[in-house]
There are 2 protein chains.
Amino acid sequence: MQLAALFHACRSPYAYPVGLEHLRIILKAARGDLAAAVCVHGDRYSWPPDLDRSTPMERLGDDGVHEYWGVTIPAPTRRIRYSIYVRGRDGDYAWLTEYGIAPRRPRRGFFEYPYIHRNDAFAQPEWLRYSVFYQIFPDRFCNGDPTNDPPNVAAWGTPPTGSNRMGGDLAGIRQKLDYLQDLGIGCIYLTPIFAAPSNHKYDTADDYRIDPQFGTEEELKALVKEAHGRGIRILLDAVFNHAGKEWFAFRDVIEKGKDSRYAGWFYDLHSFPVNPEVCNYETFANRIASMPKLDTGNPECRDYLLGVAEYWIRQADIDGWRLDVANEVDHRFWRAFRDRVKGVKPDAFILGEVWHNATDWLQGDQFDSVMNYPWRHATLAFLSGQLDAAEYDRLLCRMRFTYTSEMVRGLVNLLGSHDTPRVRTVLGSREKAAQAAVLLLTSEGVPMIYYGDEVGLEGKGDPDCRRCYPWDDPKQRDTELLSLYRRLIAIRKAFPWLNDGAWETFVADPVTGLFGFRRLPSPLAAPERPANEEGLYVVINNSSRGNAVTVPAGVGVHLVDLLEVEMLTGRVEGDRLELPPHGIAILAPATVAAAMNRKPGLDWKT
Amino acid sequence: MQLAALFHACRSPYAYPVGLEHLRIILKAARGDLAAAVCVHGDRYSWPPDLDRSTPMERLGDDGVHEYWGVTIPAPTRRIRYSIYVRGRDGDYAWLTEYGIAPRRPRRGFFEYPYIHRNDAFAQPEWLRYSVFYQIFPDRFCNGDPTNDPPNVAAWGTPPTGSNRMGGDLAGIRQKLDYLQDLGIGCIYLTPIFAAPSNHKYDTADDYRIDPQFGTEEELKALVKEAHGRGIRILLDAVFNHAGKEWFAFRDVIEKGKDSRYAGWFYDLHSFPVNPEVCNYETFANRIASMPKLDTGNPECRDYLLGVAEYWIRQADIDGWRLDVANEVDHRFWRAFRDRVKGVKPDAFILGEVWHNATDWLQGDQFDSVMNYPWRHATLAFLSGQLDAAEYDRLLCRMRFTYTSEMVRGLVNLLGSHDTPRVRTVLGSREKAAQAAVLLLTSEGVPMIYYGDEVGLEGKGDPDCRRCYPWDDPKQRDTELLSLYRRLIAIRKAFPWLNDGAWETFVADPVTGLFGFRRLPSPLAAPERPANEEGLYVVINNSSRGNAVTVPAGVGVHLVDLLEVEMLTGRVEGDRLELPPHGIAILAPATVAAAMNRKPGLDWKT
């Protein structure tokens, strides 16, 4: 047994409450090393051997290097003390405590979870479970009101540059709510809409004014109201890491120098006079003069920004904020932000832009979620052949245990955004784009579709990924892919446990490229679920050859394919699935399929 | 190379800022496994291979199972991206990133420390570096004013029970400030002094009133003022996890039941009427009826308690708070507490009672420090023979890397408290108590002496550990031990880098029991320090036999012993030290000893 590989800490994501009377414990060990692991636990104010209970841990998966074991232990007094006993496949055994690895049962140094305090509970909005997100870059989605077009507007569909504008606006989004509702969208995330000189609006000039090129405050209110009427929520983009150079406070600083009452609102003004041409101040990234960095630790600046956050919730009834460059703003600011936002709208959603491990922002005191770019990386790497099926499976496993299960169910998965090349272009084929869609909509977490990806819109990196939605261009608009998205979203909505349910990989074959997994309601949520009677089987044939696989659905279970699209489909006979090159399938027992209002036993292809 | 043992996460305590332009990186590996580790780092907005720098990591120690490597990398832009290259002693190599362990140089998935934000910096009061703490249980330290004695006062020195009172008071502490100043104390921590029915006062009746048995608010003010005049700070004990049953709000709840406006101030009132005899409410620990648990998440209750914290700082100019049962109160409360307290007195000290790993409270947003009970466990286990010298050294190493170096220098080490048996009694001999004192006063962190330990006061567990200070009892008052403490504190104050300096163990022998280490200014603080020209050498002979050791002080260095006490001393000749059974020595080169105003070359024994 590799003792040095044993890892546990009584900290998230290795120990965390599930509800108020259970504690989830995760242990990491060298892959293939452990025969058994047992959590020995009791109340912190009782001492061994009095009241200790032994609860076996379960092997949950491996990432190629490590294996993960877990257990959920009861904590009726909310105060938990525990140690972990491990037995290796080589017969060795050991005990883990906070004081290290011991050869015999410890009498002190236990891990302690002092108190499951309800005021520290991590609670995301319940509506996440039922929502598919849709990201819109407002200038490029739909031009609903040509009267507000900027003077130099380019024709719809012009190749994007860093500065051109296409005339998309709030009126356009409102006109397309039918489309989004039909698609099954539950939440729209708009990149910034406040007055700003650029086309992307990340260089805010006025946080209290809708950019006139997008419309008016009244139009935003109308959009939100109408969206709400259709069960669609609206998320706006908060750019609080930096301002734009036309922002009132920055203009004042340029004018008055160190005498400006706003001098303290900026993170570092290196010298005076402040001069954008010299860029003698701290900015977003390195020396981007148009985006001076804010000092969110300055109380006045902080209060101003919190006021903006509150204003648009109260004024327009928006449903939360996506936070731009969230990882470069101080944690103290985000704690105050959460208190302020949740104080106004308790089920508002707070989504941070963090491309890397975001554990420190997801402790319940700051964000509900982050944009899950690591998932994008893994999925595109798999479908483009940089990772084989086994490597992809392992990386997903590793990511899963990077976070708590509560964090994982809230992560917003995406295949692309305004900051990345588009999925269709990265993968280079509509078949692979379809496979990516299947993975997006059947994974744990919350799926977010970047506008246009559902019709296979192409786009290289910024600015090319910000092309106009091709409403009237059949060549750029893959309606079969759109049908697949529509069907996948319907499946997602029929089985909301796809958000937080269990995941069991049953094939991840580096040779054939087959990747198949079962999704099913979480055992935490429904512990008495009868084996093999629920759940979906998802299979991806990541190969240019046809492939067949046996689905472990149990004897006599009649499987049907829930997909209803022409492309990429296969044949299922009993528990045997045949898939064409780059084929896809979502199989379910007839009993489960019935939940989709399909007749049990119906063939997959109608 | 044991790949599964490699551990790094871009989170405290494995990655943390040192100042505002450096990042400290710590890597854990299987003991004996690595030949080299290199951190490859750059600005987050530049991409490889453009601007990456390679900085070798240094092997810092091992805990018997793991070894720790570390490096401090420059971060001039404050935004850091990095990976870690490791080469095993077996010739294997690998790269660590956030996405896992890779066989070749990664191009993505880097660890990212997004921004070293000054508003998130962890800053403890600077005065910690220079302070030795002294804990007083007020009823038992000194009876300075018999007129405030409770009616049933027991004679000074009566064996403690759970309920008897001895008449100690604030006036007594004030009378003994000469003694404490002469001893070298820099901060006094008083267990609770507010009105409460018990002798320990952890069952508060009135947070705004000094218990009449201890004195008056005026006497507290006078005590603090006089202490400040002597350079001594005063810390009070905040009992915010629970109240006492005579507390105004709890009396109201007993009287008015669910109609009480204070019903929400308590964590859980299971049924009404609230009845201490039935104990139908949540309490401290399990069903301790006299200590109903507070709901610090209730805004009114929270504000009341924060008001108490602020009041005594403003009113009596106290220097901070020790927080009782701090780990069972919610994190949100402590964040508000910190803001409130530091807002009133920026260099106030916040010391939590957390007996286990306290990382989650030491991120800069809550506590400055915790009482370091794990250090007590390790040290007493070593001196009482439950751990050998090598095991002790390894456990210290493990603890050191459980925290950041910033956290470690703030930890308040203790050999005992009102909640534990006394060190003299646990170790069973004055010689071992002296050794414990040497370790307490020469270790990293902040030493805290429990009143009476400096004269070898005996005491088993609570209540026996709360005996009266034996001012007039020569048999209970070991003046030789007191001289040692006085000398050790003088050494501590002469070399304030003992607080945060480096630690190099040079002997930890399981056979002879010798344990010796070198302390020296931190290389972070003084990177150009010439080798072997500074520092102290501390040696403990944890054996009932005499022992000799060679001190690695370099050729021609003349060592002297800084201790000036009769007991337990040894002989030093050149770099050779001979110690009697249970002997102790603190050796320094003559140049260093000069800092203590001793003539260089003077023999250790005056």
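Being a predicted model, the structure only gives us computed values, none of them experimental. (Residues numbered from 1 in each chain as written. Chains lettered and ligands numbered in written order. Predicted model: local features only at pLDDT ≥ 70, side-chain atom pairs only at ≥ 80, totals over all residues. Heavy atoms only, no water.)

Draft legend 1. Inspection of the overall build of chain A at higher detail. Along its length, chain A carries 13 helices and 28 strands. Since a compact globule built from 606 residues should have a radius of gyration of about 25 Å, the 26 Å found for chain A is in line with a globular shape. Reported as C-alpha extents along the three principal axes, the dimensions of chain A are approximately 75 × 60 × 40 Å. Excluding contacts between residues fewer than 6 apart, the proportion of contacts in chain A whose partners are at least 24 apart in sequence is 70%. Surface summary for chain A: the accessible area is close to 21400 Å², and the carbon and sulfur share equals 48%. Charged side chains of chain A number 71 positive and 81 negative; the gap between the two group centres comes to 3 Å. (Helix = DSSP H or I, 4+ residues; strand = E, 2+ residues; numbered from the N terminus. Rg over C-alpha atoms; globule rule 2.2 N^0.38 Å. Contact = heavy atoms within 4.5 Å. Areas by Shrake-Rupley, 256 points an atom, 1.4 Å probe, with all protein chains shown as cover. Lys, Arg positive; Asp, Glu negative; His and termini not counted. Charge placed at Lys NZ, Arg CZ, Asp CG, Glu CD.)

Draft legend 2. Seen up close, the packing of aromatic side chains. Going through the model one piece at a time under the given rule, you end up with 101 aromatic pairs over all chains. Between Phe248 of chain A and Tyr304 of chain A, the ring centres sit 5.3 Å apart and the planes meet at 50°, which makes this aromatic pair tilted. Separated by 56 residues along the polypeptide, Phe248 of chain A in helix 4 (residues 248-256) and Tyr304 of chain A in helix 5 (residues 299-316) bring together distant segments of the chain. Judged by its relative accessible area of 28%, Phe248 of chain A falls in the partly exposed class. Take Tyr304 of chain A: its relative accessible area is 16%, and that puts it in the buried class. Directly above the ring of Tyr267 of chain B sits Arg118 of chain A, whose terminal nitrogen or CZ lies 3.9 Å from the centroid. Over the aromatic face of Phe214 of chain A sits the side chain of Lys201 of chain A, whose NZ or CZ is 5.5 Å from the ring centroid. (Phe/Tyr/Trp six-rings, centres within 6.5 Å; stacked < 30°, edge-to-face > 60°. Buried < 20%, exposed > 50% of the residue type's maximum accessible area, 1.4 Å probe, protein only. Lys NZ or Arg CZ within 6 Å of the ring centre and 35° of its normal.)

Draft legend 3. Representation of the layout of surface pockets in the model. Residues and elements named next belong to chain A. Space inside the second largest pocket adds up to approximately 1300 Å³. With six residues, the top contributor of residues to the lining of the second largest pocket is helix 7 (residues 373-383). When grouped by side-chain class, the residues that make up the lining of the second largest pocket number 18 nonpolar, 15 polar and 14 charged. (1 Å grid on protein atoms, 1.4 Å probe; cavity = no way out; pocket = protein on both sides within 12 Å on 5 of 7 lines; lining within 4 Å. Points joined across faces, edges and corners; volume = space filled by probe spheres on them. Nonpolar A, V, L, I, M, F, W, Y, C, P; charged D, E, K, R; others polar.)

Draft legend 4. Main features of helix 5 (residues 299-316) of chain B. All names here are of chain B. When the terminal C-alpha atoms of helix 5 are compared, their 26 Å separation across 18 residues agrees well with the 26 Å that a helix rising 1.5 Å per residue should span. Along helix 5, the positions that sit buried rather than exposed are Cys301, Tyr304, Leu305, Leu306, Gly307, Val308, Ala309, Glu310, Trp312, Ile313 and Ala316. Along its buried surface, helix 5 packs onto strand 13 (194-195), strand 14 (206-210), helix 3 (217-229), helix 4 (248-256), strand 16 (320-323) and helix 6 (331-344). (Expected span 1.5 Å × (residues − 1).)

Draft legend 5. Fine view of the relation of the copies chain B and chain A. For the match of chain B to chain A, the screw axis carries a shift of 0.0 Å, the RMSD comes to 0.1 Å, and the turn is 180°. In the structure described here, the two chain copies are related by an operation that fits a two-fold rotation axis. Closest approach to the rotation axis within chain B is made by the C-alpha atom of Ala5 of chain B, at a distance of 1.9 Å. When the interface residues of chain B are mapped onto chain A, 100% of them are again interface residues, pointing to one common binding face. (Least-squares fit on C-alpha atoms with pLDDT ≥ 70 in both.)

Draft legend 6. Structural view of the pairing of strand 6 (residues 66-74) of chain A. Residues and elements named next belong to chain A. Of all nine residues making up strand 6, seven are buried, and the element is well covered by its neighbours. As paired strands, strand 2 (residues 22-30) and strand 6 are joined by nine bridges and run antiparallel to one another. From the neighbouring strand, Ala29 faces strand 6, where its bridge partner is Glu67. In terms of strand pairing, strand 5 (residues 58-62) meets strand 6 through four bridges, oriented antiparallel. (Pairing = 2+ DSSP bridges.)

Draft legend 7. Region of the structure containing the pattern of salt bridges. What the rule picks out here adds up to 98 salt bridges over all chains. Glu282 of chain A is the partner of Arg79 of chain B in a salt bridge, and the nearest nitrogen-oxygen pair spans 3.4 Å. Here Arg79 of chain B is found in the loop between strand 6 (66-74) and strand 7 (80-88), whereas its partner Glu282 of chain A is found in the loop between helix 4 and helix 5 on a different chain. Across the pair, exposure class does not vary: Arg79 of chain B and Glu282 of chain A are buried alike. Between Glu328 of chain A and Arg79 of chain B there is a salt bridge, and its shortest N-O distance comes to 3.3 Å. Taken as a pair, Glu328 of chain A in the loop between strand 16 (320-323) and helix 6 (331-344) and Arg79 of chain B in the loop between strand 6 and strand 7 lie in two separate chains rather than in one. The exposure classification of Glu328 of chain A matches that of Arg79 of chain B, with both residues buried. Because the salt bridges share partners, they merge into one network encompassing Glu21, Arg44, Arg78, Arg79, Glu112 and Arg118 of chain A together with Asp268, Glu282, Asp295 and Glu328 of chain B. (Salt bridge = Lys/Arg side-chain N within 4 Å of Asp/Glu carboxyl O.)

Draft legend 8. Just the side chain of Arg518 of chain B, in detail. All names here are of chain B. Position of Arg518 relative to the elements: it lies in strand 22 (residues 514-520). The exposure class of Arg518 is buried, given its relative accessible area of 7%. Here the side chain of Arg518 touches Tyr537 through a polar contact of 3.2 Å, side chain to side chain. (Polar contact = N/O pair within 3.5 Å; in protein donor to acceptor, adjacent residues only side chain to side chain.)

Draft legend 9. Layout of the sheet that holds strand 22 of chain B. Residue and element names in this part refer to chain B. The sheet built from five strands is open, its strands ordered 21-22-23-28-25 with antiparallel pairing. Of all strands in the sheet, those bounded by a partner on one side alone are strand 21 (502-508) and strand 25 (559-561). The sheet shows a mean angle of 25° between the axes of neighbouring strands, direction not considered. As paired elements, strand 22 and strand 23 (residues 536-541) share six bridges and run antiparallel to each other. Looking at the pairing, Gly516 lines up with Val539 of strand 23. Packing of helix 8 (residues 389-400) onto the sheet brings it into contact with strand 21 and strand 22, and relative to strand 21 it is tilted by some 160°. (Axes fitted to C-alpha atoms, helices over the stretch in contact; angles between N-to-C directions.)

Draft legend 10. Structural detail: the sheet that holds strand 24 (residues 547-550) of chain B. Residue and element names in this part refer to chain B. Read from one edge of the open sheet, three strands run 24-27-26, paired in antiparallel fashion. Single-partner strands in this sheet number two, and they are strand 24 and strand 26 (571-573). Averaged over all pairs of adjacent strands, the angle between strand axes in this sheet comes to 15°, irrespective of strand direction. The pairing of strand 26 with strand 27 (residues 576-579) spans three bridges and is antiparallel. Considered in strand 27, the bridge of Glu573 is made with Arg576.

Draft legend 11. View of empty space enclosed by the protein. Residue and element names in this part refer to chain B. Counted by the stated rule, this structure contains four cavities of 30 Å³ or more. Put simply, the parts of the chain that give the lining of the largest cavity at least two residues each are helix 7 (373-383) and helix 8. It is helix 8 that provides the largest number of residues to the lining of the largest cavity, a total of five residues. Class assignment for the residues of the lining of the largest cavity results in ten nonpolar, six polar and four charged.

Draft legend 12. Quick look at the interface of chain B and chain A. Facing 67 residues of chain B, the contacting portion of chain A comprises 67 residues. Buried area between chain B and chain A, both sides added, is near 5800 Å², and the carbon and sulfur share of it is 44%. For the interface between chain B and chain A, the tally reads 20 salt bridges. Across the chain B-chain A interface, the total number found is 46 residue pairs in polar contact (both at pLDDT 80 or more). (Buried area = accessible area lost by both parts, 1.4 Å probe.)

Draft legend 13. Structural detail: the environment of Arg53 of chain B. Here Arg53 of chain B shows up in strand 4 (residues 53-56). In sequence terms Arg53 of chain B and Gly535 of chain B are 482 residues apart; their C-alpha atoms lie 32 Å from each other.

Draft legend 14. Looking closely at the packing of helix 5 of chain A against helix 6 of chain A. All names here are of chain A. Between helix 5 and helix 6, whose axes approach to 10 Å, the crossing angle comes to 25°. For the element pair helix 5 / helix 6, the angle class is roughly parallel. Our pair here, helix 5 against helix 6, has a crossing hand that is right-handed. Facing Arg302, Leu305, Leu306, Gly307, Ala309, Glu310, Ile313 and Arg314 of helix 5, the residues of helix 6 in contact are Phe333, Ala336, Phe337, Arg340, Val341 and Val344. Residues belonging to the contact of helix 5 with helix 6 are distributed by class as follows: nine nonpolar, one polar and four charged. (Parallel < 35°, antiparallel > 145°, perpendicular 65-115°, else oblique. Left-handed = near helix turned anticlockwise from the far one by under 90°.)

Draft legend 15. Focus on helix 6 of chain A. When the terminal C-alpha atoms of helix 6 of chain A are compared, their 20 Å separation across 14 residues agrees well with the 20 Å that a helix rising 1.5 Å per residue should span. His331, Phe333, Trp334, Arg335, Phe337, Arg338, Val341 and Lys342 of chain A are the residues of helix 6 of chain A that are buried. Buried positions along helix 6 of chain A lie against helix 5, strand 16 and strand 17 (349-352) of chain A together with helix 6 of chain B.

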